[in-house]
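Remarks on the overall topology
Each chain is listed here by its residues.
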Amino acid sequence: LNWKYQGPQGMFFLADDKGYFKAEGIEVQLDQGNGSGGVPALIANGTYDVGFGDMNALIELAAKKPNEAPIAVYDMYNQPPFTIAVKADSAIKSPKDLEGKTIGGPTNDGALKLFPAFCKIAKVDCTKIKLTNMQPNLRENMLMQGQVDGVFGYVNTIRFSAKLAKIDEKNIRFIKYGDYGMDLYSNVIIVPKKMVKERPEVVRGFLRALNKGMLDAIKDPDAAVAAVAKREPLINVKIERERFDATFADEMNHPEIKKIGLGNVDEARLKKSIDIMVDALALPRVPTVSEVWDPSFLPPASELPKKLF
């Protein structure tokens, strides 16, 4: 998975609990992750068969190592969640104000990995900014204690982790990448190209089962969060339900899903995001859309969610 067990992952666990994977002849082990940005490499090196990670990290890998790169087959986060959080009373009001400051984040955080691209698009001198790494559970407290000037992350990850740490979200302000021209897709289901070629029925069955879990999660969010709590009893169910709602509203509810359904992508938009990544990171080549995205394993369009609320 992309991160620690949290409310927005409920569709995976619902699909498992209801036997949807089993019905497809698939046994799954759902492991916690350490950041969306690190997932594509874990699929590429064979550590995992399927991953839930960042499309942009996948694009970068495909540009650098096209023969090794896996491929995305189901899109979940269709709006960019990447952000730099600062204290609400901070003098940092715009990206340019980050120069001369210290910004931290977990090593595999998606926003941290995209920071060079953000710097170029927002016209910020990255060399004037000190970057530091931290454990995920220390992020929000280090920000509030002034040990760093800002932190990288996903908006709702930071917002609700702060709540769990008894930090009033009014004390945090967000500089969102999407507000500065980075209209990117984010978390997708990623599989090895070898599996696509040799075991296409597994890919198709996995997505069919997950999509059923997604439909169930939309219908009954409380059941989705309860499925997470079954694996991680120490979660705060109330806050994880709030995180679930916020993630669906902010990261998964792009207007395009009314036409193409959740799970699919607008290929013209994806092509633009590839171009953004290649230009901003000075990648060695431009991957084609078909190198990073294969919609052929999706359930029929009529079965993809068109409405989340």
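Look above for the structure.
Scope of this entry: the structure provided in the associated data block. Computed from a predicted structure; not experimentally measured.

Looking now at the packing of helix 1 (residues 10-17) against helix 11 (residues 221-231). Where helix 1 meets helix 11, the axes come as close as 8 Å, and the angle between the chain directions of the two elements is 80°. One element, helix 1, and the other, helix 11, form an angle in the roughly perpendicular class. Only Ala223, Ala224, Ala227, Val228, Lys230 and Arg231 of helix 11 make contact with helix 1, whose side of the interface consists of Gly10, Phe13, Leu14, Asp16 and Asp17. Its residues assigned to classes, the contact of helix 1 with helix 11 shows six nonpolar, one polar and four charged.

Attention now goes to the packing of aromatic side chains. Centre distance and the angle of the planes are the two values used to describe a pair of aromatic rings. Following the criterion strictly, the structure yields 11 aromatic pairs and no others. Ring geometry for Phe244 versus Phe248: centroids 4.3 Å apart, planes at 20°, classification stacked. With Phe244 and Phe248 both in helix 12 (residues 237-251) and four residues apart, the pair spans about one turn of that helix. Judged by relative accessible area, Phe244 falls into the buried class, the value being 2%. The exposure class of Phe248 is buried, given its relative accessible area of 1%. Taken together, the aromatic side chains of Phe82, Phe115, Phe118, Phe152, Tyr154, Tyr177 and Tyr180 make up a single cluster linked through ring pairs.

A few words on the state of the cysteines. Applying the stated criterion across every chain yields a total of one disulfide. A sulfur-sulfur separation of 2.2 Å characterises the disulfide bridge that pairs Cys119 with Cys126. Torsion about the S-S bond of the Cys119 and Cys126 cystine: about 85°, corresponding to right-handed handedness. Overall, Cys126 belongs to the partly exposed group, its relative accessible area being 27%.

Reading the values: the criteria
Residues numbered from 1 in each chain as written. Predicted model: local features only at pLDDT ≥ 70, side-chain atom pairs only at ≥ 80, totals over all residues. Heavy atoms only, no water. Axes fitted to C-alpha atoms, helices over the stretch in contact; angles between N-to-C directions. Helix = DSSP H or I, 4+ residues; strand = E, 2+ residues; numbered from the N terminus. Parallel < 35°, antiparallel > 145°, perpendicular 65-115°, else oblique. Contact = heavy atoms within 4.5 Å. Nonpolar A, V, L, I, M, F, W, Y, C, P; charged D, E, K, R; others polar. Phe/Tyr/Trp six-rings, centres within 6.5 Å; stacked < 30°, edge-to-face > 60°. Buried < 20%, exposed > 50% of the residue type's maximum accessible area, 1.4 Å probe, protein only. Disulfide = S-S within 2.5 Å.

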